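# What the coordinates show
Next come the chains, spelled out residue by residue.
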Amino acid sequence: MVAVQRPRRSVLYMPGSKARALEKGRSLMADALIFDLEDAVTDDKKVEARQMVVEALQKGGYGKREIIVRVNGLDTEWGLEDIKAISRTTADAILLPKVENERQVLNLVDLMNKSGAPESMSVMCMMETPLGMLNAKEIAASSERISCFVMGTSDLVKDLQARHTRERLPVITSLGLCLLAARAYGIGIVDGVCLDLNNDDAFAEICVQGLALGFDGKTLIHPKTISVANSTFGPSKEAVEKARSIVAAFEEAKKQGQGVVVLDGRLIENLHADEARRLIAYSDAVIALEQSA
Ligand SMILES: CC(C)(COP(=O)(O)OP(=O)(O)OC[C@H]1O[C@@H](n2cnc3c(N)ncnc32)[C@H](O)[C@@H]1OP(=O)(O)O)[C@@H](O)C(=O)NCCC(=O)NCCSC(=O)C[C@H](O)C(=O)O
Ligand SMILES: [Mg+2]
């Protein structure tokens, strides 16, 4: 049985205080939308933005896109009311910023339960502080309700007193720690945002790097970057065809009593067949999501 992963190739932040962005989200081909109440919203608009997001979710129209709301932290004056209000909506997940330990996750889960959040509403964690990186394993293991890690590379670079560079060496250890923790505990993980909106080549390159590192997709700040994220993180037609031929060759070998087979000069073992099945199931999930839009 192959565990089908929810597509998160493109995950677009939309400021909760921007009515036009919330409207536009209904027609964009992003796999997931983050309705942001945190950093994209100024303090004087926090309460209004919460109400706007609740109303947008009540109105609906976002199809099968994954709906994520990033609340303010519980150490702010808005966090508690954000969690109470969003728990009563149809959002798929609450995204908690600046997660650094298990206690923050358990507090959130407790508040969601007390506020009547459905069991299906998951928790996502922004991984964006040095302590969060060091505690990535503890955080990933803290609750079965966690569905995904979201890298916050802007806050991370700031806290590390590092620099944003094209090859991202300053954050590579942090990305690796979070990837290890996410994969070890079977949760999703999406890469951080690219702040440079005027360099398409750099954006494409950073998506390819994110894919190679093992991310499921990329968080985005502008709709124009959705298609590159979708094509980079989505399985190509050729990759799916190849996966089908791997599964077929391996099944045939098994019938012949063999545990391995050579296909196009490469050795195929059980692990390759498993990965090929995962890719086929993932491709089916992507097609189903695209057809529903
Ligand atoms: C960056 C922007 C401020 C640019 O906005 P704007 O000048 O309006 O862009 P355009 O004129 O090019 O927009 C064209 C149309 O697209 C719509 N639009 C733009 N951005 C979005 C969006 N994010 N979601 C939905 N729709 C969007 C515009 O309304 C235009 O529509 P139309 O009227 O039909 O022409 C803006 O893109 C923006 O605000 N982006 C999001 C910024 C944000 O959310 N930042 C916070 C999250 S990132 C973060 O916090 C990372 C993490 O925590 C970390 O630490 O790393
Ligand atoms: Mg941040």
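Now for a look at the structure at hand. All values reported here derive from a predicted model rather than from experimental measurement.

### A look at the overall build of the protein
When helices and strands are counted, the protein shows 12 helices and 10 strands. With the C-alpha coordinates aligned to their principal axes, the bounding extent of the protein is approximately 65 × 40 × 40 Å. A total of 293 residues make up the protein; the buried ones form 51% of that total. Long-range pairs, those at least 24 residues apart, make up 71% of the contacts in the protein between residues at least 6 apart in sequence. Treating the 36 positive side-chain charges of the protein as one cloud and the 41 negative ones as another, the clouds have centres 3 Å apart.

### Looking at the side chain of Thr89
Structurally, Thr89 can be placed in the loop between α3 (79-87) and β4 (93-96). Owing to a relative accessible area of 12%, Thr89 belongs among the buried residues under this scheme. Within the local environment of Thr89, its side chain forms a polar contact with the backbone oxygen of Ile86, the two atoms lying 2.7 Å apart. Setting aside anything within four residues of it in sequence, one finds Thr89 in contact with Val54, Leu57 and Met121.

### A look at the site of ligand 1
Inspection of the region around ligand 1 gives 21 residues, with Tyr13, Arg20, Arg70, Ser154 and His222 positioned closest. With respect to ligand 1, the side chain of Lys18 contributes an N or O atom lying 3.1 Å from an oxygen atom. A distance of 3.1 Å is found between an oxygen atom of ligand 1 and a side-chain nitrogen or oxygen belonging to Glu128. With the chains in place, 66% of the 1000 Å² that ligand 1 exposes on its own is no longer accessible. For the shell around ligand 1, the secondary structure elements donating two or more residues are β1 (10-15), α1 (19-24) and α7 (153-160). With 4 residues, the single largest contributor to the shell around ligand 1 is β1.

### Notes on the coordination of the magnesium ion (ligand 2)
With distances of 2.0 to 2.2 Å, the protein atoms coordinating the magnesium ion (ligand 2) are Glu128 (OE) and Asp155 (OD). Of this pair, Glu128 sits in the loop between β5 (122-127) and α5 (130-134) while Asp155 sits in helix α7, placing them 27 residues apart in sequence. Look at Asp155 and you get buried, because its relative accessible area is 12%.

### Here we look at a negative patch on the surface
There is a patch of like negative charges on the surface, built from Asp43, Asp44, Glu48 and Glu77. Turning to its location among the elements, Asp43 is positioned in the loop between β2 (32-36) and α2 (46-59).

### Concerning α3
Listed in full, the buried residues belonging to α3 are Gly79, Asp82, Ile83, Ala85, Ile86 and Ser87. The inward-facing, buried residues of α3 contact α2, β3 (66-70), β4 and α4 (102-114).

Calculation rules
- Residues numbered from 1 in each chain as written.
- Chains lettered and ligands numbered in written order.
- Predicted model: local features only at pLDDT ≥ 70, side-chain atom pairs only at ≥ 80, totals over all residues.
- Heavy atoms only, no water.
- Helix = DSSP H or I, 4+ residues; strand = E, 2+ residues; numbered from the N terminus.
- Buried < 20%, exposed > 50% of the residue type's maximum accessible area, 1.4 Å probe, protein only.
- Contact = heavy atoms within 4.5 Å.
- Lys, Arg positive; Asp, Glu negative; His and termini not counted.
- Charge placed at Lys NZ, Arg CZ, Asp CG, Glu CD.
- Polar contact = N/O pair within 3.5 Å; in protein donor to acceptor, adjacent residues only side chain to side chain.
- Near = heavy atom within 4 Å.
- Areas by Shrake-Rupley, 256 points an atom, 1.4 Å probe, with all protein chains shown as cover.
- Donors = N, O, S within 2.8 Å, 3.2 Å for Na, K, Ca; no water.
- Patch = residues over 30% accessible without salt bridge, like charges linked within 9 Å, V, L, I, M, F, W, Y side chains within 5 Å.
- Salt bridge = Lys/Arg side-chain N within 4 Å of Asp/Glu carboxyl O.

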